[in-house]
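# Structural characterization, general
Here is what each chain is made of, one letter per residue.
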Amino acid sequence: MNRAAVLKYTKCVPVRPFVLHLTDGQALHVRHPDFLTFGDDVVAVSFEDSSAHIVDLDQIVSICYALPSAKR
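Residues numbered from 1 in each chain as written. Predicted model: local features only at pLDDT ≥ 70, side-chain atom pairs only at ≥ 80, totals over all residues. Heavy atoms only, no water.

With antiparallel pairing, three strands are arranged side by side in an open sheet as 2-1-6. Bordering the open sheet on either side are strand 2 (27-30) and strand 6 (60-65), each of which pairs with just one other strand. Strand-to-strand twist in this sheet, taken as the mean axis angle between neighbours without regard to direction, amounts to 20 degrees. Where strand 1 (residues 18-22) meets strand 6, five bridges bridge the pair, whose relative direction is antiparallel. Each bridged residue has a counterpart across the sheet, and for Phe 18 the counterpart in strand 6 is Tyr 65. Helix 1 (residues 3-10) rests against strand 1 and strand 6 of the sheet, and its axis sits at about 15 degrees to strand 6. (Pairing = 2+ DSSP bridges. Helix = DSSP H or I, 4+ residues; strand = E, 2+ residues; numbered from the N terminus. Axes fitted to C-alpha atoms, helices over the stretch in contact; angles between N-to-C directions. Contact = heavy atoms within 4.5 Å.)

Right, dumping it as structure tokens:
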């Protein structure tokens, strides 16, 4: 996947969480675009627990908006 395709999901107004699906079957949930940092050919996805996952853009096979959580 290219950088422009990922950036498209960060521009949504209002902000919507989305999921990056990787070639190894992992699904990385991005709650807000502020949790992404781009390098030349990589994107770092940060999480609320202060961990991060660095992904080569070529390893992203699809992106979709996250389903809304059920209200309780």
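Taken together, the buried positions of helix 1 are occupied by Val 6, Tyr 9 and Thr 10. Taken around the axis of helix 1, the buried residues stretch over an arc of 110 degrees, which confines them to a single face. Facing away from the buried surface of helix 1 by more than 90 degrees, the exposed residues are Ala 4 and Lys 8. Packing partners of the buried residues in helix 1 comprise strand 1, strand 3 (36-38) and strand 6. The N-capping residue of helix 1, defined by a side-chain oxygen 3.2 Å from the backbone nitrogen of Ala 4, is Asn 2. (Buried < 20%, exposed > 50% of the residue type's maximum accessible area, 1.4 Å probe, protein only. Arc of directions from axis to C-beta. Polar contact = N/O pair within 3.5 Å; in protein donor to acceptor, adjacent residues only side chain to side chain.)

As a further point, take a negative patch on the surface. A surface patch of like charges, here negative, comprises Asp 40, Asp 41, Asp 56 and Asp 58. Among the structural elements, Asp 40 can be located in the loop between strand 3 and strand 4 (42-46). (Patch = residues over 30% accessible without salt bridge, like charges linked within 9 Å, V, L, I, M, F, W, Y side chains within 5 Å. Areas by Shrake-Rupley, 256 points an atom, 1.4 Å probe, with all protein chains shown as cover. Salt bridge = Lys/Arg side-chain N within 4 Å of Asp/Glu carboxyl O. Lys, Arg positive; Asp, Glu negative; His and termini not counted. Charge placed at Lys NZ, Arg CZ, Asp CG, Glu CD.)

Quick look at the side chain of Thr 10 now. One can find Thr 10 in helix 1. At a separation of 2.6 Å, a polar atom in the side chain of Thr 10 contacts the main-chain carbonyl oxygen of Leu 7. Apart from the residues within four sequence positions on either side, Thr 10 is in contact with Phe 18, Pro 33 and Leu 36.

If you look at the biggest cluster of nonpolar residues, it comprises 14 residues, and the most contacted ones within it are Phe 18, Leu 20, Leu 36, Ile 60 and Ile 63. Going through the elements one at a time, helix 1, strand 1, strand 2, strand 4 and strand 6 are the ones with two or more residues in this core. Per element, the largest residue contribution to this core is three residues, and it comes from strand 1. (Core = buried A, V, L, I, M, F, W, Y, C linked by side-chain atoms within 4.5 Å.)

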